[in-house]
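Below, each chain spelled out in residue letters.
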Amino acid sequence: MRGYAAGQLVQLVVVVIGISMLAFAILYVVGDPVLLLLPQNAGKEEFERYRRLLGLDQPLYVQYWKFASRAVRGDFGNSWYGDVPAFGLVLQRMPPTIYLTLAGLGVALLIALPLGILAALQRHSFVDNLCTALAVAGQAMPIFWLGIMLIIVFAVRLKALPASGYGTWQHFVMPAFTLGAFLAPITMRLVRAGVIEVMNMEYIKTARAKGVGERMVVIKHAFRNACIPVITVLGLQFGQLLGGAIVTETVFAWPGVATLTVESIRNQDFPVVQAAVVLLALIIVVVNLCVDLLVGFIDPRIRVRA
Amino acid sequence: MSRSRLAMLLLLALVLALPDAPAAQTKDDTVVYAFQSDVDSWDPPNSVLREAIILGYQVFDHLAVRDLKTGRVGPNLATSWRALDETTWEVKLRKGVRFHDGYPFTAAAVKATFDRVLDPKNKLTARGNHAKIKSVEIVDDSTVRFKTDGPYPLFVERLTAQVMQSDKVIKEKGHQWMQENPIGTGPYKLVRWNRKQEHLLVRNDDYWGAKPAFKYVRVRIIPETATQIAELISGGVDVIKAVPPDQMDVIDKSGQARTSTSPILRTAMLQLDQAARSGPNPFTDRRVRQAANMAVDMDAIIKYVLNGLGDRVATGVNPMAFGFDPSLKPYKPDLAAAKKLLAAAGYPNGFEVRFRTGLAIVEPGVQQTNDAIVADLAKAGIVAKQNLMGDVGPYVAQVKEGKAGPMFNWSWGYYSVFDADAILYDVFKCGESYSYYCNKELDDLIQAGRSTLDPKKRTEIYVKAQRLLFDDAAYIYKWGLRGVWGISNRVEYAAPRDEIDRMFIVTPRRK
């Protein structure tokens, strides 16, 4: 197990270095930030002065080295707009995004687990077909559209929930459902496939032969084994979930790190975008590492093989 | 500890970390206003954002303000002003005004405010607005004198763009503190700022002017336009701005809210490269430019494509700007005359030209109006090939560097200065970054308009300049833009012509 974890850690470091390079490089492709920072009537010397001030006049490798050596200490410089530390700004906006992502994950599991198991147990029945249809519809529905539809129905027509904002449990309902609906279909299909596969295994027959009740067979023997691919995919989907959070946060005016990132990209506020990209990527990498370790913990075969 | 208990504890920790419920203010005493994006600081001179200017108006006061009905600049914290000579302005200040912290507003505050802004070391954005001011002198507690670098006719106009900050705060608290703690003399005080989420303001009950009707103002940050409209219709927000023209019906038919439009200080045009900055092109010939202006039926486009959201102009000068000549009538569509002019210029069969276009960020419906204009031009034989550039930064850079080509979309917001000079100098003067026009005669007029304080003389000069620009058809002239606001039926309010929303004039609607 120790060797397995160490191998995963080395991979993590390589990935993080790659991410930092990408985060550094991407924004240089976009355009000249000085043009956007200064008013339209600024003179040529003003531009040159700003370029020097921000270190944009130096060679790229020097800029990257400076960026990377400061970034490991959590210092991405100050936001070019707010004049406050970029990393602090990103950290500050982290909790709402984490709540939203967890709530979305919760909703997705609440939908996906029971429906997936049900569909698997009653294969090719009406319930199964209905679940398939729901999954296809859910997968095809743009998250943006669903969010706005929910707002129109529950906020504008029924006036049951606040259309947007953050602060009370009512504010959580629509965003969490929107994000959950985004993740639920694929999870449900996986649970279904996993349970179907496991139900045909010899050990299930053994369990049944031993006289174990059908409920116990499904929950204890089948579900635990069917969980492994589901957990792996959920880990992989975590990045997707954060991506979905960007859209969800924008629609519902959710004050999270995703809205901050989108706004910073629009403003070409380099330090904030870089801090956010690196932090989010780091979270995704760590979540995936945890998933790998968790799967290894649940399924001894994996860590032995590694 | 069992695994399930650990999970329960984690869940509990998360629940406890959830944010507090909002403050105990009720819906009836609160007006809610929405922004698409948040400000970067609460120090208006240190921001390039219009949102910062708008927030500044709620909490700070200016020496002079624009009257929304007449459009004229009138007294505010200054009670009067006069020019002592060509380069000295004397300003009398209102007495008995106090900042939110109780400290009195005097000439010292005016001097400290301008000294802070004008000092290049402080790197404040607002410095450019006041660069013509050389120094500020205190005469007595309620009188200040401004020395300017040459005659400065825009002096009073520019007073509306500078909030008055406290000399005590500037000296004792300093720049960093001021970024999040606005101490003004204005109608509202800041209670709380949750970045990217909302601002809560409370009425300043010691305000020297008319008391606002609503005790609280909530400014909510809602990035998505569709969500803003949903909030407006469902009663979550009272005032939104920048409503897209195609969404006006949704709001007007909701029964919960209405739209209000106002002309704003921005004129749209198609710039032609008369100065040949991007190289030789047909538009260096005046007859071709005139033909282009006659080929397009702008009035029809405003009416049918823009839903009436435009005010036709004869030149680039906006009807709201000082010096505008209302007697000058725009070009009338005349296809036969246009063809004749083109033939005379050596293009009997017309010509093909690249037309650089941009996104509808500042100009609503620009793609649709471009299509209509291109269709009209084609009838006269001018085949404009549209070439979209989807990013504003590079677009502006190209224009600036003289690489935008023979014909391109452009609109001008006057830096919010209601004066003909604010467009003539930047967009029509020879050699300026955004000007693709070069005419010595016009340059002399622009210079003359800048060198006198006499409004009558200046008006005469600008009337001449507009005639010249019309006759010479510098660019294809389009229209002055209109902004669209969405307003809840719960409140009385109307779109402001300077695009600065003032929540302190919003009142509850009588039922």
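Use the structure listed above.
What you are looking at is a predicted structure, and each value in this text was computed from that prediction instead of being measured.

A. Fine view of the state of the cysteines. Tallied over the entire structure, the rule returns one disulfide over all chains. One disulfide bridge connects C430(B) with C438(B), the sulfur atoms lying 1.8 Å from each other. Taking the sign of the S-S torsion, -70° for the link of C430(B) and C438(B), the bridge is left-handed. Looking at the unpaired C290(A), the closest cysteine sulfur is the one in C227(A), lying at 17 Å.

B. Representation of the packing of helix α8 (residues 143-157) of chain A against helix α11 (residues 214-251) of chain A in the model. All names here are of chain A. Running from N to C, α8 and α11 cross one another at 30°; their axes reach a closest spacing of 9 Å. Classified by the interaxial angle, the pair formed by α8 and α11 is roughly parallel. The handedness of the crossing between α8 and α11 comes out as right-handed. Listed contacts from α11 to I143, F144, G147, I148 and I151 of α8 are G244, V247, T248 and V251.

C. Expanded view of helix α13 (residues 392-400) of chain B. Residues of α13(B) that are buried include every one of G393(B), Y395(B), V396(B), A397(B), V399(B) and K400(B), and no others. Positioned one or two residues after α13(B), G402(B) has a phi angle of 80°, which is positive.

D. Representation of the sheet that holds strand β6 (residues 133-140) of chain B in the model. All names here are of chain B. Overall, antiparallel pairing links the four strands, which are arranged β4-β5-β7-β6 in an open sheet. What marks the edges here is a single partner per strand, and that holds for β4 (78-85) and β6. With direction set aside, neighbouring strand axes in the sheet form an average angle of 20°. Two strands pair when backbone bridges link them, and strand β5 (residues 88-93) and strand β7 (residues 143-148) are joined in this way by five bridges, in the antiparallel orientation. Residue pairing for β7: E90 is matched across the bridge by R145.

E. View of the nonpolar core. Counting 136 residues, the largest nonpolar core has L63(B), F146(B) and F428(B) as the members making the most contacts within it. Excluding residues that lie within four positions of it along the chain, F428(B) makes contacts with M269(B), G316(B), I423(B), S435(B), Y437(B), L442(B), D443(B), L469(B), A474(B), Y475(B) and Y477(B). Counting residues in hydrophobic clusters, the runner-up holds 49 residues, among them A23(A), A86(A), A108(A) and L260(A).

F. Inspection of unusual backbone geometry at higher detail. A positive phi angle, close to 50°, is found at K159(A), a residue other than glycine. Position of K159(A) among the secondary structure elements: in the loop between α8 and α9 (169-199). What makes K159(A) partly exposed here is its relative accessible area of 45%. For E499(B), which is not glycine, the phi torsion reads 65° and is therefore positive. Summarising the element assignment, E499(B) is placed in the loop between β18 (491-492) and β19 (507-508).

G. Expanded view of the side chain of D273(B). Residue and element names in this part refer to chain B. Of note, D273 is situated in the loop between β12 (257-272) and α9 (286-295). Buried charged residue D273 carries no salt bridge. Nearest counter-charge: R277, at 6.0 Å. Residues in contact with D273, not counting those within four places in the same chain, are S278, G279, N281, F283, T284, G405, P406 and Y436.

About the cut-offs
- Residues numbered from 1 in each chain as written.
- Chains lettered and ligands numbered in written order.
- Predicted model: local features only at pLDDT ≥ 70, side-chain atom pairs only at ≥ 80, totals over all residues.
- Heavy atoms only, no water.
- Disulfide = S-S within 2.5 Å.
- Axes fitted to C-alpha atoms, helices over the stretch in contact; angles between N-to-C directions.
- Helix = DSSP H or I, 4+ residues; strand = E, 2+ residues; numbered from the N terminus.
- Parallel < 35°, antiparallel > 145°, perpendicular 65-115°, else oblique.
- Left-handed = near helix turned anticlockwise from the far one by under 90°.
- Contact = heavy atoms within 4.5 Å.
- Buried < 20%, exposed > 50% of the residue type's maximum accessible area, 1.4 Å probe, protein only.
- Pairing = 2+ DSSP bridges.
- Core = buried A, V, L, I, M, F, W, Y, C linked by side-chain atoms within 4.5 Å.
- Lys, Arg positive; Asp, Glu negative; His and termini not counted.
- Salt bridge = Lys/Arg side-chain N within 4 Å of Asp/Glu carboxyl O.

Nothing here speaks to function; it is geometry throughout.
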